[in-house]
Amino acid sequence: MIFRVGGTAMAGKTILITGAGSGIGRATARTFLAAGWQVALMGRRADPLQETAAGEAALILPADVGDATQVDAAFDQIKAGWGRLDVVFNNAGMALKGAPIDEIAVADWTALLSVNVTGAFLVARAAFGLMRHQKPQGGRIINNGSVSAHVPRIGSVPYTMSKHAISGLTKTLAVDGRRFNIACGQIDIGNAVSGMTDKFAEGMPQADGTLRPEPSMPVQHVADAVMQMAMLPLDVNVPFMTIMARDMPFLGRG
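Small disclaimer: the values here were computed from a predicted structure and weren't measured. (Residues numbered from 1 in each chain as written. Predicted model: local features only at pLDDT ≥ 70, side-chain atom pairs only at ≥ 80, totals over all residues. Heavy atoms only, no water.)

Asker: Explanation requested: the overall build of the protein in the structure shown.
Answerer: The helix and strand tally for the protein stands at six helices and eleven strands. The C-alpha radius of gyration computed for the protein amounts to 18 Å, which stays within 12% of the reference 18 Å derived for 254 residues, consistent with globular compactness. Summarising its shape, the C-alpha atoms of the protein cover approximately 55 × 40 × 35 Å along the three principal directions. Counting all 254 residues of the protein, 49% fall into the buried class. Excluding contacts between residues fewer than 6 apart, the proportion of contacts in the protein whose partners are at least 24 apart in sequence is 68%. (Helix = DSSP H or I, 4+ residues; strand = E, 2+ residues; numbered from the N terminus. Rg over C-alpha atoms; globule rule 2.2 N^0.38 Å. Buried < 20%, exposed > 50% of the residue type's maximum accessible area, 1.4 Å probe, protein only. Contact = heavy atoms within 4.5 Å.)

Structure follows, in structure tokens:
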């Protein structure tokens, strides 16, 4: 079957979206399903993934991105079911309550690291291996960074460190992938409405110690931006895209 998006023909294009049970992952998954892509949904629990699919024929892959065995098993299912993978949206992530570094429990740091860094590494590793060896060779990895990969909020050491790590992953894969026809880019998101942004309208701590509401934007804009990146030919790449609510503190943070 041939699908068309923006005038471009697609024949059964495939994408894996991690963290697909809510928020940005859910909105992006539904956008790709509506566009006729074959979509694999990865998350820890099957029920939210089924809710995301909303009756559409998605590939449901309950897995913890921080567990190498579970990630590899999920990719084995993709390979067995589809034979190839065109795009990965490496989206799964978590945040912690803001606090000075000496008030952050080591256990909380370790939990965040497992998802935001180890999870992103394991998914990228499995995707790179599949894309490198499939025929025709190649594919695209889109990492979910954050404006925190550039400018931190106060009290956000674990999250900010993890997002700087994502930038390092993106840059290295963008170079390593060239000889295998693998493109890698990053979308840095600021104040998209999701489960992680409920408090933005109530007030967020600022670097000067004040608490102020911040503008936000509908999450659909992020899903549309990921689609735009995914639709590019593999000899074209967007290394970094920043999409944010126009008036949120970003360039003016601090």
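Back to the text.
Asker: Please explain the packing of helix α1 (residues 23-34) against helix α6 (residues 220-230) as it appears in this structure.
Answerer: For any two helices packed against each other, the geometry is given by the interaxial angle and the distance between the axes. Closest axis-to-axis distance for the α1/α6 pair is 8 Å, and the angle between their directions is 55°. Classified by the angle their axes make, α1 and α6 are oblique. α1 and α6 meet at a crossing whose hand is right-handed. Side by side, α1 and α6 meet where Ile24, Ala27, Thr28, Thr31 and Phe32 of the first sit next to Gln220, Val222, Ala223, Asp224, Val226, Met227 and Ala230 of the second. Of the residues in the contact of α1 with α6, the class split is eight nonpolar, three polar and one charged. (Axes fitted to C-alpha atoms, helices over the stretch in contact; angles between N-to-C directions. Parallel < 35°, antiparallel > 145°, perpendicular 65-115°, else oblique. Left-handed = near helix turned anticlockwise from the far one by under 90°. Nonpolar A, V, L, I, M, F, W, Y, C, P; charged D, E, K, R; others polar.)

Asker: Any chance you could explain helix α5 (residues 157-176) here in plain terms?
Answerer: Owing to its 3.6 residues per turn, the α-helix aligns residues three or four sequence positions apart on the same side. Between its first and last C-alpha atoms α5 spans 29 Å; for 20 residues at 1.5 Å apiece the expected length is 28 Å, and the two agree. Here α5 has its buried residues at Pro158, Tyr159, Thr160, Ser162, Lys163, Ile166, Ser167, Leu169, Thr170, Leu173 and Ala174. (Expected span 1.5 Å × (residues − 1).)

Asker: I'm lost on the packing of helix α4 (residues 106-133) against α5 in this one. Help?
Answerer: Interhelical geometry of α4 versus α5 gives an angle of 10° and a closest axis separation of 9 Å. One element, α4, and the other, α5, form an angle in the roughly parallel class. Seen along the crossing, α4 lies across α5 with a hand that is right-handed. Residues Trp109, Leu112, Asn116, Val117, Ala120, Ala124 and Phe128 of α4 pack against Pro158, Tyr159, Met161, Ser162, Ala165, Ile166, Leu169, Leu173 and Asp176 of α5.

Asker: What's the story with the environment of Met131 in this structure? I'm lost.
Answerer: Relative to the elements of secondary structure, Met131 occurs in helix α4. In this structure, the C-alpha to C-alpha distance between Met131 and Asp86, residues 45 residues apart in sequence, is 7.5 Å. Residues in contact with Met131, not counting those within four places in the same chain, are Leu85, Asp86, Val87, Val88, Gln137, Gly138, Gly139, Arg140, Ile141 and Ile182.

Asker: Just checking my understanding: could you explain the pairing of strand β7 (residues 139-144) for this structure?
Answerer: One face of the sheet, then the other: side chains in a regular strand alternate in exactly this way. Counting buried residues along β7, six of its six residues qualify, which places the element largely inside the surrounding structure. Going residue by residue along β7, you find Gly139, Ile141 and Asn143 tucked away on one face and Arg140, Ile142 and Asn144 tucked away on the opposite face as well. Across four bridges, the pairing between strand β6 (residues 87-90) and β7 is parallel. Residue pairing across strands places Asn90 opposite Asn143, the latter belonging to β7. Regarding the hand of the β-α-β motif, the stretch spanning β6, α4 and β7 is right-handed. (Pairing = 2+ DSSP bridges. Right-handed = clockwise from strand over helix to strand, strands pointing away.)

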